[in-house]
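Structural description and commentary
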Amino acid sequence: MTEQHPTSTDASTHAVPVVVAIDGPAGSGKSSVSKAVARRLGYRYLDTGAWYRALALHTVEAGVDPEDSAAVVASLEAFGEAFSVSLDPDVTAFSLGGQDVTEEIRGQRVTAVVSAVARVPEVRAWINDTFRSIIAGVDRPGIVVEGRDITTVVAPDAQARILLTASEAARMARRSAEFESHPAGDVAEQLQRRDRADSRVVDFMNAADGVTTVDSTHIDFDETVDAVVRVTESLTARNSHGSR
């Protein structure tokens, strides 16, 4: 497995990177908001959901049944060697076996099976350990990490932990806008199905202790980014003073 670091700098420059952990339900805007926040702060960006999607694609391409947990776990080593990802918020790029799969991992074929792969405990443990290694080795002053259970399991000690949420109606409307060619009813059903599947693994609607909620139901994208940046700057400043 390799991680691509466009415009990388000397990792030794930043011994202790700031970690901004962002969790939340599907359709809450985690990815787009997190990338914008990373750009604003000059941080790296890690889309953890893409890893599960890429693993789902890897299993399908390898002829592995996504419902066969043991077989999925057995495929992890090969997946780790084949998958590479950009941490640059301006360069969204994922490759599998040297092939660009940035668009493919967002397709229906992957969406239909990703939850089966993601709920396997051994898979989550393996991928979470990988996330922690990436975070520890980041070559910028900080990194924004977004996805399921990031605030509670992957980076519970992050300087800023945020739950980005929105009402179901708002999330459905945003997803429908993203997929204009899909019937609104299908988009809504897919989001509800994703919520049900994810809820078996983690509570993504309620903030854990120490996690700050940013509700974007009644604010637009730019306002949401501003809110997350304010919370991040406030929390990192508070933690910095508290550690002295």
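Next up on the list: the pattern of salt bridges. It is possible for side chains of opposite charge to pair when their charged atoms get near one another. Per the stated rule, a full pass over the model turns up nine salt bridges. The closest approach of N and O atoms between glutamate 104 and arginine 109, which form a salt bridge, is 2.7 Å. Exposure remark for glutamate 104: the relative accessible area of 36% places this residue in the partly exposed category. The residue arginine 124 makes a salt bridge to aspartate 149 at a minimum N-O spacing of 2.9 Å. In this pair, arginine 124 sits in helix H7 (residues 121-136) while aspartate 149 sits in the loop between strand S7 (142-146) and helix H8 (150-154), placing the two residues 25 residues apart along the sequence. The exposure class of arginine 124 is buried, given its relative accessible area of 9%. Using a relative accessible area of 5% as the deciding quantity, one classes aspartate 149 as buried. The structure contains a network of salt bridges with shared partners spanning Glu61, Glu104 and Arg109.

Along the polypeptide, proline 17 turns up in the loop between strand S1 (2-4) and strand S2 (18-23). Accessibility expressed as a relative area gives 10% for proline 17, which makes it buried. Among residues more than four places away in sequence, those in contact with proline 17 are Ile135, Val138, Arg140, Pro141, Gly142 and Gln159.

Leu46, Trp51, Leu55, Phe83, Val123 and Ile143 are the most contacted members of the largest nonpolar core, which totals 39 residues. Considering each element in turn, this core owes the most residues, seven residues, to helix H2 (residues 48-61). Membership of the second largest hydrophobic core comes to 20 residues, among which are Val18, Ile22, Ala160 and Val214.

Rules behind the numbers
- Residues numbered from 1 in each chain as written.
- Predicted model: local features only at pLDDT ≥ 70, side-chain atom pairs only at ≥ 80, totals over all residues.
- Heavy atoms only, no water.
- Salt bridge = Lys/Arg side-chain N within 4 Å of Asp/Glu carboxyl O.
- Buried < 20%, exposed > 50% of the residue type's maximum accessible area, 1.4 Å probe, protein only.
- Helix = DSSP H or I, 4+ residues; strand = E, 2+ residues; numbered from the N terminus.
- Contact = heavy atoms within 4.5 Å.
- Core = buried A, V, L, I, M, F, W, Y, C linked by side-chain atoms within 4.5 Å.

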